[in-house]
Amino acid sequence: MFIQPETFIEFCYETFLQRAADIEGKRYYLEQIKLGRSFQEVIQSFLQSSEFQHHQQNSQNNQNNHEQQRKFITSLYKYLLKRNPDNSELEYWLNTSHTLPEILAIFGESAEYKRVNDFSLKKPPESLYGIMIKSDEIDGYLLYPTFDKVQLQGALQGKAFQLNDFLVCMTFLENHSLFHPDKSCFLDLGANIGSTSIYALKGNYFQSAVSIEASGLNYQFLTFNTQINQLTERLQALNYGLANFTGTGELVCNPDNCGDFRIQPVNVTDNLFNEDNYSRELAEFITLDELKNRGILNPRKIGFVWIDCQGSEGLIFQGGQEFFREISVPLYVEFWPYGINRLAGKKSYLSFIETFASRVWRLQEGTFVEISLDFLDTFYQENLNTGEYIDILVIPN
């Protein structure tokens, strides 16, 4: 259950070729496994490759590799078995003939791993290549996609994705009496794999959640994570992208980060992150106003809105003018100049903030600092061609 084909292929690349898997290579090996090729045969293919042989001939420093393996083994014990290895265990794995993918599989199938992580839980469907990790802070589980180098790597280091940001935000709202007791629904726009919605419910900050996610792949992780945390009665998951139109659109999908699936703009030449090489996914898009009009969203029940939609926030505000007029609750929203600019959303984003907000706060180094609309405009101009972004808390009029 623990070692999935995509995980195995990633580790083969990192272990034998000491680089990240390229998209074509990963696709090739996944197809080979689907056709019945065994893991051992895949390993032999890597060992016999000219790239591996060349690497072996030119490798002169084994000390660095030894230290990386020590850190890897220690992380497996600490975050999968919830303890540190003793010296004898560490030395055993450092001197074993097993490869890192084989070690990963052994840990994942061990009785201790299953006991610590309660594998009476529902098994993921075969289509989801993921690693399940428990977060003690929320007393819950999350299945992370194996290809995601942002969320998964953080989770393996004991840092549930954006959990600290969420907790700081909740503390701020409590301290400033910004919770509405009669508005107990958490609205998560760009819900990804469901982590933030699950934090909101497992922490008992909200009684219910509506989680909206555009990507069909992420939506599968979202629904599975909802099930394993026994939240199906409290969390409504919707497979839509949000924008200023209703209909089919295209997502551009970062191969290393499932949180960076975003609307593909038309006639845009800026490709700071080599977006031309990203994969594509068709998605159904809808506006917040349409969801309200269909009776799917009830603005009167929503107590807080979390928005992380990779630059399409301006489009969301355009398509939700009626919706936002009916709510008067805080919003936590990403402000990413490069992504906003690719979708020509600056004017609608800043106009919305000017109309909706009484105060705006920036999350900076674990605390909130009040900022102005002029600050946002300056930050936008200075970071049009960078990956820099900030998260802001918008307090309504």
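Keep in mind the model is a prediction, meaning the values are calculated, not measured.

Conventions we followed
- Residues numbered from 1 in each chain as written.
- Predicted model: local features only at pLDDT ≥ 70, side-chain atom pairs only at ≥ 80, totals over all residues.
- Heavy atoms only, no water.
- Pairing = 2+ DSSP bridges.
- Helix = DSSP H or I, 4+ residues; strand = E, 2+ residues; numbered from the N terminus.
- Buried < 20%, exposed > 50% of the residue type's maximum accessible area, 1.4 Å probe, protein only.
- 1 Å grid on protein atoms, 1.4 Å probe; cavity = no way out; pocket = protein on both sides within 12 Å on 5 of 7 lines; lining within 4 Å.
- Points joined across faces, edges and corners; volume = space filled by probe spheres on them.
- Nonpolar A, V, L, I, M, F, W, Y, C, P; charged D, E, K, R; others polar.
- Salt bridge = Lys/Arg side-chain N within 4 Å of Asp/Glu carboxyl O.

The strand order across the open sheet built from four strands is E6-E9-E7-E8, with neighbouring strands paired in mixed fashion. This sheet does not close on itself; its edge strands, each paired only once, are strand E6 (241-242) and strand E8 (261-263). For strand E7 (residues 247-253) and E8, the ladder comprises three bridges, and the chain directions are antiparallel. Within E8, the residue paired with Val252 across the bridge is Arg262.

As a further point, take the environment of Phe224. With respect to the helices and strands, the residue Phe224 is situated in helix H12 (residues 216-228). The sequence separation of Phe224 and Pro125 amounts to 99 residues, and the corresponding C-alpha distance is 8.7 Å.

This next bit is on the pairing of E7. Of all seven residues in E7, five are buried; the element is thus mostly enclosed. Relative to strand E9 (residues 279-286), E7 is paired through seven bridges, and the arrangement is antiparallel. Considered in E9, the bridge of Leu251 is made with Glu281.

Before going further, it helps to examine the layout of surface pockets. When its volume is computed, the second largest pocket comes out at roughly 780 Å³. Looking at the lining of the second largest pocket, the elements that each hand over two or more residues are helix H11 (195-202), E6, E8 and strand E14 (390-396). The dominant element in the lining of the second largest pocket, judged by the number of residues it contributes, is E8, at three residues. Of the residues that constitute the lining of the second largest pocket, the class distribution is 20 nonpolar, 15 polar and eight charged.

Let us now look at the pattern of salt bridges. Overall, the coordinates contain eleven salt bridges when judged by the stated rule. Glu250 is the partner of Arg280 in a salt bridge, and the nearest nitrogen-oxygen pair spans 3.9 Å. You can see Arg280 sitting in strand E9 and its partner Glu250 sitting in strand E7, a full 30 residues away along the chain. For the salt bridge of Arg262 with Glu275, the shortest nitrogen-to-oxygen distance reads 3.1 Å. Here Glu275 lies in the loop between E8 and E9 and Arg262 lies in strand E8, a separation of 13 residues in the sequence. Under the relative-accessibility criterion, Arg262 is labelled buried at 3%. Counted as one network, the salt bridges with shared partners bring together Arg83, Glu89 and Glu112.

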